Amino acid sequence: MPSSKKIEDVLKYIRECSPGQDEFYQATAEVLDSLRPLLNEDPKYLEHNVLDRIVVPERTIIFRVTWVDDAGKVHVNVGYRVQFNSTIGPYKGGLRFHPTVSLGTVKFLGFEQIFKNALTGLQIGGAKGGSNFNPKGKSDNEIMKFCQAFMTELYHHIGKHKDVPAGDIGVGAREIGYLFGQYKRLTGEFDGVLTGKGLNWGGSKARKEATGYGSVYFAENFLNVYDKSLKGKRCAVSGSGNVAIYTIEKLYEMGAIPVSCSDSKGTIYREKGIDLKALKAIKEIHHASLEEYATVDCECSYIPVSKYPEGGHAVWHLPCDVAFPSATQNELTLIDAKALKENGCILINEGANMPTTPDALEFIKENGILFSPGKAANAGGVATSQLEMSQNASMAQWSFEEVDIKLRTIMQNIFKTAYETSKEFDCEGDLVTGANIAGFRKVADSMIDQGAV
Ligand code: GLU
């Protein structure tokens, strides 16, 4: 059967057997489409029915999470863990707590995670989990109650050699702490079953910084190929969570000027560069909105969501040389991509998972803007999680510098792998194709080695 017919059939099958999962269709369509050159070259993937197998999670766990708020009222949320693929290592991937989380969200993230984790060169399989719980406006006690209830179900399914969750949107050090405490209470075991732990109790130095730092290292590697660098470049960054904050920090270290950040209510623009200290204080200590940042920084302008271009995001309409989408999926649309082109942006480097819409991506490719796909550019977070697992297994703790050097090398290798693979398939610099083929090939070859399981 020709590969294009097979891809069509598999995508059709996904739609039929998993209705209403748009983000999952988007992620699978992007990956499968880009595999054409590999599938045409080597028939073994179709002979072994790898496509049919790789798009179905090995296991999907959906559970009720019942918890009691400070006023004594009972609430119910849905919890998910999608254990997508364990061919090259134990399941690994974050947990997302956000009101928009659905099964389709967790499946798209878990699917992406398979290839991202393979690209790190480390032995980790792909998974993702989360809940439609909204942490915003909840007290510390309510967050703890929710995390304890969530883990009371999840602990049956995870383990240091089986499945090792971590953070994602809405799940940071505080939540990992409450989840870990409950796991330990239920099992009586102190082990590395979660990553992103506190530094006093098994966490890795530089884990918090890793996704943002890694994203910047990746961008620098890419620009270097074209004899360019980040030095002196104006960089538009979206988001104001962990990824965005440490992207901004590393950009300053590289001599770039990060001119923006954003949250769900608005965007900050500061031509001279974001005040990182103020941003950390607002987001990491006060957990407040960027409206508050605007009140302490008189040199910035604040653009509320109501003033955004229709169907777009204000961040991408600012003058910039490099764009770092570091907030969430589908945050960079076609009109945004057109504005970036108009303003002379030369590289879009995805810090978030799937932040670029398919039509925007097509426009970016057609117009020769360099593009780093998230599954390669933001892999520094999960790679450092694996370094945390290594440290836990040997009861060691490495210095910040040691972890950072390893992270830098891993990002360089991911870049090289994606870039070399794009060359191998005659599309030099097309890192979407390069990253997807390289990640897929590693997992698919291993699946074939392990037989029809
Ligand atoms: N949530 C992060 C990601 O999207 C990190 C996952 C992990 O550390 O396991 O890759």
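Just so it is clear, the model here is predicted, and its values are computed rather than measured.

1. Topic: the site of the ligand
Logical step 1: Close contacts around the ligand come from 13 residues, with Lys92, Lys116, Gly167, Asp168 and Ser385 the closest.
Logical step 2: Between the ligand and the protein, one listed contact pairs a nitrogen atom with a backbone N or O atom of Gly167 at 2.9 Å.
Logical step 3: In isolation the ligand offers 300 Å² of accessible surface; the protein chains occlude 94% of this area.
Logical step 4: Looking at the shell around the ligand, the elements that each hand over two or more residues are strand E3 (91–97), helix H6 (103–119) and helix H16 (380–393).
Logical step 5: Broken down by class, the residue content of the shell around the ligand amounts to two nonpolar, six polar and five charged.

2. Let's talk about the nonpolar core
Logical step 1: By size, the foremost hydrophobic cluster in this structure holds 54 residues, and its most contacted members are Phe218, Leu230, Leu251, Leu279, Tyr293, Phe324 and Ile414.
Logical step 2: Not counting the four nearest positions on each side in its chain, Leu251 is found in contact with Val216, Leu230, Cys235, Val237, Ala256, Pro258 and Phe324.
Logical step 3: Counting 38 residues, the second largest nonpolar core, distinct from the first, contains Ile7, Leu11, Leu39 and Tyr45.

3. As for empty space enclosed by the protein
Logical step 1: Evaluated as defined, the whole model comprises one cavity of 30 Å³ or more.
Logical step 2: In this structure, the largest cavity spans a volume of roughly 80 Å³.
Logical step 3: Lining the largest cavity we find Glu30, Glu112, Glu350, Met354, Thr356, Leu361, Phe371, Pro373, Gly374 and Lys375.
Logical step 4: Partitioning the lining of the largest cavity into residue classes produces four nonpolar, two polar and four charged.

4. Side note on the UniProt feature "binding site: NAD(+)" (unreviewed entry) in the chain
Logical step 1: Within this structure's numbering, the places UniProt gives as "binding site: NAD(+)" (unreviewed entry) are Thr211 and Asn242. Judged by maximum C-alpha separation, these annotated positions cover 32 residues in sequence but sit close together in space, the widest gap being only 7.9 Å.
Logical step 2: If you trace the backbone, Thr211 turns up in helix H9 (residues 207–225).
Logical step 3: Secondary-structure assignment places Asn242 in helix H10 (residues 242–253).
Logical step 4: Looking at Asn242, the relative accessible area reads 37%, which means it is partly exposed.
Logical step 5: A polar side-chain atom of Asn242 sits 3.0 Å from the main-chain carbonyl oxygen of Lys208.

5. Structural notes on the side chain of Lys116
Logical step 1: Within the element layout of this structure, Lys116 appears in helix H6.
Logical step 2: Setting aside its immediate chain neighbours within four residues, Lys116 contacts Asn353, Lys375, Asn378, Ala379 and Val382.

6. Structural notes on the sheet that holds strand E6 (residues 234–237)
Logical step 1: Taken in spatial order, the five strands line up as E7-E6-E11-E12-E13 in an open sheet, and their pairing is parallel. One side of each edge strand has no neighbouring strand; the edge strands of this open sheet are strand E7 (257–258) and strand E13 (370–372).
Logical step 2: Against the sheet, H10 engages E6, E7 and strand E11 (322–324), with an angle of about 170° to E6.

7. Some words on the environment of Ala256
Logical step 1: Structurally, the position occupied by Ala256 is in the loop between H10 and E7.
Logical step 2: Assessed through its relative accessible area of 5%, Ala256 is described here as buried.
Logical step 3: Residues Ala256 and Ala452, spaced 196 residues apart in sequence, show a C-alpha to C-alpha distance of 49 Å.
Logical step 4: Setting aside residues no more than four positions away along its own chain, Ala256 makes contact with Leu230, Gly232, Lys233, Cys235 and Leu251.

Scoring rules and cut-offs
- Residues numbered from 1 in each chain as written.
- Predicted model: local features only at pLDDT ≥ 70, side-chain atom pairs only at ≥ 80, totals over all residues.
- Heavy atoms only, no water.
- Near = heavy atom within 4 Å.
- Polar contact = N/O pair within 3.5 Å; in protein donor to acceptor, adjacent residues only side chain to side chain.
- Areas by Shrake-Rupley, 256 points an atom, 1.4 Å probe, with all protein chains shown as cover.
- Helix = DSSP H or I, 4+ residues; strand = E, 2+ residues; numbered from the N terminus.
- Nonpolar A, V, L, I, M, F, W, Y, C, P; charged D, E, K, R; others polar.
- Core = buried A, V, L, I, M, F, W, Y, C linked by side-chain atoms within 4.5 Å.
- Buried < 20%, exposed > 50% of the residue type's maximum accessible area, 1.4 Å probe, protein only.
- Contact = heavy atoms within 4.5 Å.
- 1 Å grid on protein atoms, 1.4 Å probe; cavity = no way out; pocket = protein on both sides within 12 Å on 5 of 7 lines; lining within 4 Å.
- Points joined across faces, edges and corners; volume = space filled by probe spheres on them.
- UniProt positions renumbered as here; feature names shortened; annotations may be inferred.
- Pairing = 2+ DSSP bridges.
- Axes fitted to C-alpha atoms, helices over the stretch in contact; angles between N-to-C directions.

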